[in-house]
Amino acid sequence: MTIDYIQAQKEFLAAFNQPTCTIQQIQDNEALAYMRARLIREEAQEVVEAVENVAASLEPDTENLLKELVDLAYVTFGAVVSLGFSGVFPEAYRRVHESNMSKLGPDGKPVYRSDGKVLKGPNYKPPVLTDLVNPEDIQFSPEEIQGMPWESCLPFVPDHIG
């Protein structure tokens, strides 16, 4: 079974009355941007702790590691949608993937740092995303607009904190 991560986030954001913005609006909603950054930072730290726990344990909690990895992806996809990038994300991902694949060395093999990190080979080309982040070009489709709480974007203040 496959899941459409962007659609799942749209469903979550609508169900929990979370703000969804256009790129134009996000510049006026610093609180939403910082909240998204905090969520990603918190989940990334939980992934780091789970990885370290698995590496150091004789009985690793791989279920927790998987959960933390999914949580990080979940909040990241939430940021993609709530910050207005859902329409361009698939193309951006494709370009970043193509760029990462250009890191191969001239012999078509990976170039590694001593710790195993893949390095940029001589044929590396950074992704060009400029045309995807032009605020005038980023628009939500009518299907995306339906059911989204646009009015909640400015300003973002949760109704209930518990």
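Just so it is clear, the structure is predicted and the values come from calculations on it, not from any experiment.

The next subject is unusual backbone geometry. Located in the positive-phi region is Asn17, a residue other than glycine, with phi close to 50°. Among the secondary structure elements, Asn17 is positioned in the loop between α1 (5–15) and α2 (23–26). By relative accessible area, which is 39% here, Asn17 ends up partly exposed.

Let's shift gears to the pattern of salt bridges. Applying the stated criterion to the full structure yields seven salt bridges. Notably, a salt bridge pairs Arg113 with Asp115, separated by 2.8 Å at the nearest N-O pair. Through salt bridges with shared partners, one network takes in Glu91, Arg94, Arg95, Glu98 and Asp131.

End to end, helix α4 (residues 62–82) covers 30 Å across 21 residues, agreeing with the expected 30 Å (1.5 Å per residue, within 8%). For α4, the set of buried residues is Leu65, Glu68, Val75, Phe77, Gly78, Ala79, Val80, Val81 and Ser82. Looking at the buried positions of α4, the neighbouring elements they touch are α1, α3 (30–56) and α5 (89–101). Directly beyond the C-terminal end of α4, a positive phi value near 90° is found at Gly84.

Moving on to the packing of α3 against α4. Interhelical geometry of α3 versus α4 gives an angle of 160° and a closest axis separation of 9 Å. Relative to α4, α3 is oriented roughly antiparallel. Once α3 is placed against α4, the crossing between them reads as left-handed. Each of Leu32, Arg36, Leu39, Ile40, Glu43, Ala44, Glu46, Val47, Ala50, Val51 and Val54 in α3 lies in contact with α4, whose residues at this interface are Thr62, Asn64, Leu65, Glu68, Leu69, Asp71, Leu72, Val75, Thr76, Gly78, Ala79 and Ser82. The class makeup of the residues in the contact of α3 with α4 is 13 nonpolar, five polar and five charged.

Counting residues in each nonpolar core, the largest one holds six residues, listed as Cys21, Ile26, Leu32, Met35, Ala79 and Leu83. Residues Ile6, Leu13, Val80 and Val81 belong to the second largest nonpolar core, which totals five residues.

Thresholds applied
Residues numbered from 1 in each chain as written. Predicted model: local features only at pLDDT ≥ 70, side-chain atom pairs only at ≥ 80, totals over all residues. Heavy atoms only, no water. Helix = DSSP H or I, 4+ residues; strand = E, 2+ residues; numbered from the N terminus. Buried < 20%, exposed > 50% of the residue type's maximum accessible area, 1.4 Å probe, protein only. Salt bridge = Lys/Arg side-chain N within 4 Å of Asp/Glu carboxyl O. Expected span 1.5 Å × (residues − 1). Contact = heavy atoms within 4.5 Å. Axes fitted to C-alpha atoms, helices over the stretch in contact; angles between N-to-C directions. Parallel < 35°, antiparallel > 145°, perpendicular 65-115°, else oblique. Left-handed = near helix turned anticlockwise from the far one by under 90°. Nonpolar A, V, L, I, M, F, W, Y, C, P; charged D, E, K, R; others polar. Core = buried A, V, L, I, M, F, W, Y, C linked by side-chain atoms within 4.5 Å.

Note that every value here comes from positions in space, so none of it alone points to a role or purpose.
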